Amino acid sequence: MNRISRALNAARSTSARLALAIGGLFLMSYLLLGAGLYVAVSAIFAQDLHEVIRLDSADLVEMYKESGLSAMRTEIAERTAAPEDDNAVYELIGPKGELLAGQFASLPEAVRKSDGWVEFDENTEGGVVKVVAKMQALKGGGVLLTGRRSRNQERFEALVRRTSLFALLAAAGLGGLIGWITARLVARRLESTYDITRRVGAGELALRIPEDDSDDSFDRLAKRINAMLDRIQELLDGVRHATDHIAHDLRTPLTRLRNRLEEMRSRDVPADQFAAELDAATAETDQLLATFGALLRLTRIEAQTARADDPEFALEPVVQDAAELYAPIASERGIVLDAQTTPCRLRGDADQLFQLVANLLDNALKYAAQGTRVTLRLYDDGDAVLLVVGDHGAGVPQADRERVFDRFIRLEEHRGSAGSGLGLSLVRAIAHRHGGTVTLEDNDPGLRAVVRLPHALPS
Amino acid sequence: MRILIVEDDPHTSTFIAKGLTEDGHTVDQADNGRDGLFLATTEAYDAIVLDRMLPAVDGLTVLRTLRGSGNAVPVLVLTALGDVDHRVEGLRAGADDYLVKPFAYAELSARIDSLLRRRHAPSAETTELRVGDLELNLLTREARRAGRTIELQPREFRLLEYLMRQAERVVTRTMLLEAVWDYHFDPQTNVIDVHISRLRQKIDRHHPKPLLHTVRGAGYRLGVRE
């Protein structure tokens, strides 16, 4: 339990970290966007303000040129007394530096002496207001100050700052919420996986993780784990099945052997029969040893896997040798063994491949009807090396075509015939060990075994 | 012939010793690698039956030490490990033959005979083999019995050559498969029997005294002995 909660905590903190990272990125991009907007809008405001001031200033200068200083002084006094624009500020400074007209009783020395654009603070009843102004020197002495209080811009900036703060707080809250929900979802999804894998590990092999077919990573993980569990179960079933059959298939002849020996001991068997009985017992033992040997071999091959450093060899001569080995048996049974092969190369064990071909031919010849044709084909279809053995015998019903590969499975109608019931198991084990597959198909009539083996891998 | 058995299982060891004694050999036994190596280096044997898994010093080490000291005595390695890899490893260590447990005594006996015979066998330079009135010319690849030519397929030729080189000795089906077909595999049915009966048809038909005999429970023997 401790381990699970630790694992869950790890998952939680993983998703929490993820949520934090996403939230952080989200906030950062928001800040960048806000700051950019702020700077851009401020710049537009400032530009507009300057434009207004410049035009206003140019108007007044024009008037000064036409009507002279006193007219301008009157104009400015009027404008100051009854302003069209609350934010407009003017000041006319005489040639000797004296204030002739305007809002300000006094101007800071720095402003009065400067030329061009100035910014300064004005103390009003509502507090300090920033003023942007243009100082324009006049012909014949004097300076004209034309300016605007930048109240709108300040109001906008304050609004942006306030809104940003709220938005930031909201975004942080939302990020946290998203993180929490994500963490919860991840934990819940993983919780069932952890729980089920734990229970499977404890022995409840039939359990499976629920799949929701959403094809997200969790679903894919669940599917992969379930596929793995299916495979493990299949292997375990195989082992259980095999153990049952081994017990049965080895115990039966052993019992028979034991009975025979017991009988020989207890009964007075005539001397001539005695030797025959002993021969029969020996033959029985040999059959047992052969079955046992085949089982060991099967187990060993099943434990092997295809490796890139397996030796490469030419398959064609191996297949031809096998065909040649079985040719006399075929002709003895009045069967035509029709072998057509092409050069193919493979990586693996030539002895095992020989065994594979031999077992398939053995089966085909055993079950083919007399006077028919057994075909053996070896070719490369571009994707893989194909080995096909077909006969025109009784075939195998569709329902049994997978089952016959299991250990000791022998179809009822063939129970009496010779063989260990391991031939096809060995074929499949050898095909798998070489990274290939084997399937049984209808040969219409009869059976066709198709072995598909991957090309020699480049080393 | 004098044969040393190095095998730790007393039942197996006694069983082999009894059989070999009945076959007319003199037998010494050792139940671990150290004693086996001592006997093998101090006494002169015609063949050694060596178990692969032994206490004290393991079989392959005994074998490598023997070969390292220049001892060329024929060695048959017994093993429960039947993999091709293991077989190759054993043969590389210097084994002359390799027999997988469990085995039938007939198989062991035939292989020991074959090993003993190899020492006195016709050398590779021999161009003609002869058993009774059966002749095999290895250069012209011609077979004749009582002066009459016998037509042989290439594989039949190899089969006959092997049987003639092992004349009067029992050879098992497994030995034939390994020597003539050169594959280590486990035939489901006795395919070899069919090849032998074809060969028998060719060499023994029309002749009152058959040369190719079936040895029950063991294999085949080519020879003039009935």
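Cut-offs applied
- Residues numbered from 1 in each chain as written.
- Chains lettered and ligands numbered in written order.
- Predicted model: local features only at pLDDT ≥ 70, side-chain atom pairs only at ≥ 80, totals over all residues.
- Helix = DSSP H or I, 4+ residues; strand = E, 2+ residues; numbered from the N terminus.
- Buried ≥ 20, exposed ≤ 12 C-beta atoms within 10 Å, placed from the backbone.
- Contact = placed C-beta atoms within 7 Å.
- Nonpolar A, V, L, I, M, F, W, Y, C, P; charged D, E, K, R; others polar.
- Axes fitted to C-alpha atoms, helices over the stretch in contact; angles between N-to-C directions.
- Left-handed = near helix turned anticlockwise from the far one by under 90°.
- Pairing = 2+ DSSP bridges.
- Right-handed = clockwise from strand over helix to strand, strands pointing away.
- pLDDT = per-residue confidence, 0-100.
- Core = buried A, V, L, I, M, F, W, Y, C linked by C-beta atoms within 7 Å.

## Quick look at the overall build of chain B
Line of reasoning, step 1. The secondary structure content of chain B amounts to eight helices and twelve strands.
Line of reasoning, step 2. By residue count, 38% of the 226 residues in chain B fall in the buried class.
Line of reasoning, step 3. Sequence-distant contacts, at least 24 apart, represent 58% of the contacts inside chain B between residues at least 6 apart.

## Quick look at the interface of chain A and chain B
Line of reasoning, step 1. Between chain A and chain B, the residue contacts involve 26 residues of the former and 19 residues of the latter.
Line of reasoning, step 2. Within the residue set of the side of chain A that touches chain B, elements represented by two or more residues are helix H6 (271-303), helix H7 (315-332) and helix H8 (350-367) of chain A.
Line of reasoning, step 3. When residues of the side of chain A that touches chain B are assigned to their parent elements, the largest contribution, nine residues, is made by H6 of chain A.
Line of reasoning, step 4. Looking at the side of chain A that touches chain B residue by residue, the classes come out as ten nonpolar, six polar and ten charged.

## Some details on the packing of H7 of chain A against H8 of chain A
Residues and elements named next belong to chain A.
Line of reasoning, step 1. Contact geometry of H7 with H8 gives a least axis separation of 9 Å together with a crossing angle of 35°. Once H7 is placed against H8, the crossing between them reads as right-handed. Two secondary-structure elements touch here, H7 through Leu315, Val318, Val319, Asp321, Ala322, Leu325, Tyr326, Ile329 and Ala330 and H8 through Ala350, Leu353, Phe354, Val357, Ala358, Leu361 and Leu365.
Line of reasoning, step 2. For the contact of H7 with H8, the class distribution of residues is 15 nonpolar, no polar and one charged.

## Overview of the sheet that holds strand E9 (residues 148-150) of chain B
The strands making up a sheet are joined through hydrogen bonds of the backbone, oriented either antiparallel or parallel.
Residues and elements named next belong to chain B.
Line of reasoning, step 1. Taken together, the four strands give an open sheet; going across it, the order is E6-E7-E8-E9, and neighbouring strands pair in antiparallel fashion. The two strands at the open ends of the sheet, each matched to only one other strand, are strand E6 (128-131) and E9. Between one strand axis and the next, the sheet turns through 25° on average, direction left out of account.
Line of reasoning, step 2. Across four bridges, the pairing between E6 and strand E7 (residues 134-137) is antiparallel. Directly across from leucine 129, in E7, lies its bridge partner leucine 136.
Line of reasoning, step 3. Along the sheet face, helix H6 (residues 154-165) touches E6, E7 and strand E8 (142-145) and points at about 65° away from the line of E6.

## Details of the pairing of strand E2 (residues 26-30) of chain B
Residue and element names in this part refer to chain B.
Line of reasoning, step 1. Two strands pair when backbone bridges link them, and strand E1 (residues 2-6) and E2 are joined in this way by five bridges, in the parallel orientation. Considered in E2, the bridge of isoleucine 5 is made with glutamine 29.
Line of reasoning, step 2. Handedness of the crossover joining E1 and E2 through helix H1 (residues 10-22): right-handed.

## Considering the confidence of the model for chain B
Residue and element names in this part refer to chain B.
Line of reasoning, step 1. Looking at chain B, pLDDT values average 87 and 95% of them are 70 or higher.
Line of reasoning, step 2. Mean pLDDT per element in chain B: helix H4 (residues 84-92) is the minimum at 75, and E1 is the maximum at 94.
Line of reasoning, step 3. At the level of chain-chain contacts, confidence expressed as ipTM amounts to 0.78, with global pTM at 0.61.

## Things to note about the sheet that holds strand E7 (residues 336-341) of chain A
Residue and element names in this part refer to chain A.
Line of reasoning, step 1. Across the sheet, five strands lie side by side as E7-E9-E10-E12-E11; this open sheet has mixed pairing. Of all strands in the sheet, those with a lone pairing partner are E7 and strand E11 (437-442), marking the two edges. Strand-to-strand, the axes of this sheet are offset by a mean angle of 10°, without reference to chain direction.
Line of reasoning, step 2. For E7 and strand E9 (residues 373-380), the ladder comprises six bridges, and the chain directions are parallel. Residue pairing in the sheet places glutamine 340 in a bridge with arginine 377 of E9.
Line of reasoning, step 3. Together, E7, E9 and strand E10 (384-390) form the strand contacts of H7, whose direction differs from that of E7 by roughly 175°.

## A word on the nonpolar core
Line of reasoning, step 1. If you look at the biggest cluster of nonpolar residues, it comprises 78 residues, and the most contacted ones within it are Ala322, Tyr326, Leu337, Leu353, Val357, Leu361 and Leu365 of chain A.
Line of reasoning, step 2. With eleven residues, the single largest contributor to this core is H8 of chain A.
Line of reasoning, step 3. Residues contacting tyrosine 326 of chain A, with those up to four places away along its chain left out, are Leu337, Leu361 and Leu365 of chain A together with Val191 of chain B.

## Observations regarding helix H7 (residues 173-181) of chain B
Residue pairs spaced three or four apart in an α-helix point in one direction, given the helix's 3.6 residues per turn.
Line of reasoning, step 1. Within H7 of chain B, the full set of buried residues consists of Thr174, Met175, Leu176, Leu177, Val180 and Trp181 of chain B.
Line of reasoning, step 2. Just past H7 of chain B, the residue aspartate 182 of chain B takes up positive phi, approximately 65°.

## Some details on the pairing of strand E5 (residues 143-149) of chain A
All names here are of chain A.
Line of reasoning, step 1. By the criterion of burial, E5 is predominantly enclosed, with seven of the seven residues buried.
Line of reasoning, step 2. Two elements, strand E1 (residues 88-93) and E5, share six bridges in a ladder whose sense is antiparallel. What sits directly across from glutamate 91, in E5, is leucine 145.
Line of reasoning, step 3. By the bridge criterion, seven bridges tie strand E4 (residues 127-137) to E5 in an arrangement that is antiparallel. Looking at the pairing, valine 132 lines up with arginine 148 of E5.
Line of reasoning, step 4. Linking two consecutive strands that pair antiparallel, namely E4 and E5, is a turn of five residues; a positive phi of about 85° is found at glycine 140 within it.

## Observations regarding the environment of tyrosine 98 of chain B
Residues and elements named next belong to chain B.
Line of reasoning, step 1. On the secondary structure map, tyrosine 98 appears in strand E5 (residues 97-100).
Line of reasoning, step 2. On the basis of neighbour counts, which here come to 22 C-beta atoms within 10 Å, the residue tyrosine 98 falls in the buried class.
Line of reasoning, step 3. With ten residues separating them in the primary sequence, tyrosine 98 and valine 88 have C-alpha atoms 9.4 Å apart.
Line of reasoning, step 4. Beyond its immediate stretch of four places on either side in the chain, tyrosine 98 contacts Val77, Thr79, Arg87, Gly90 and Leu91.

## Remarks on the packing of H8 of chain A against helix H9 (residues 423-433) of chain A
All names here are of chain A.
Line of reasoning, step 1. Where H8 contacts H9, the two axes come as close as 9 Å, and the packing angle between them is 145°. In the crossing of H8 with H9, the sense of the turn from one axis to the other is left-handed. Along the contact surface, H8 presents Gln352, Leu353, Gln355, Leu356, Asn359, Leu360, Asp362 and Asn363, while H9 presents Gly423, Leu426, Val427, Ile430, Ala431 and Arg433.
Line of reasoning, step 2. For the contact of H8 with H9, the class distribution of residues is seven nonpolar, five polar and two charged.

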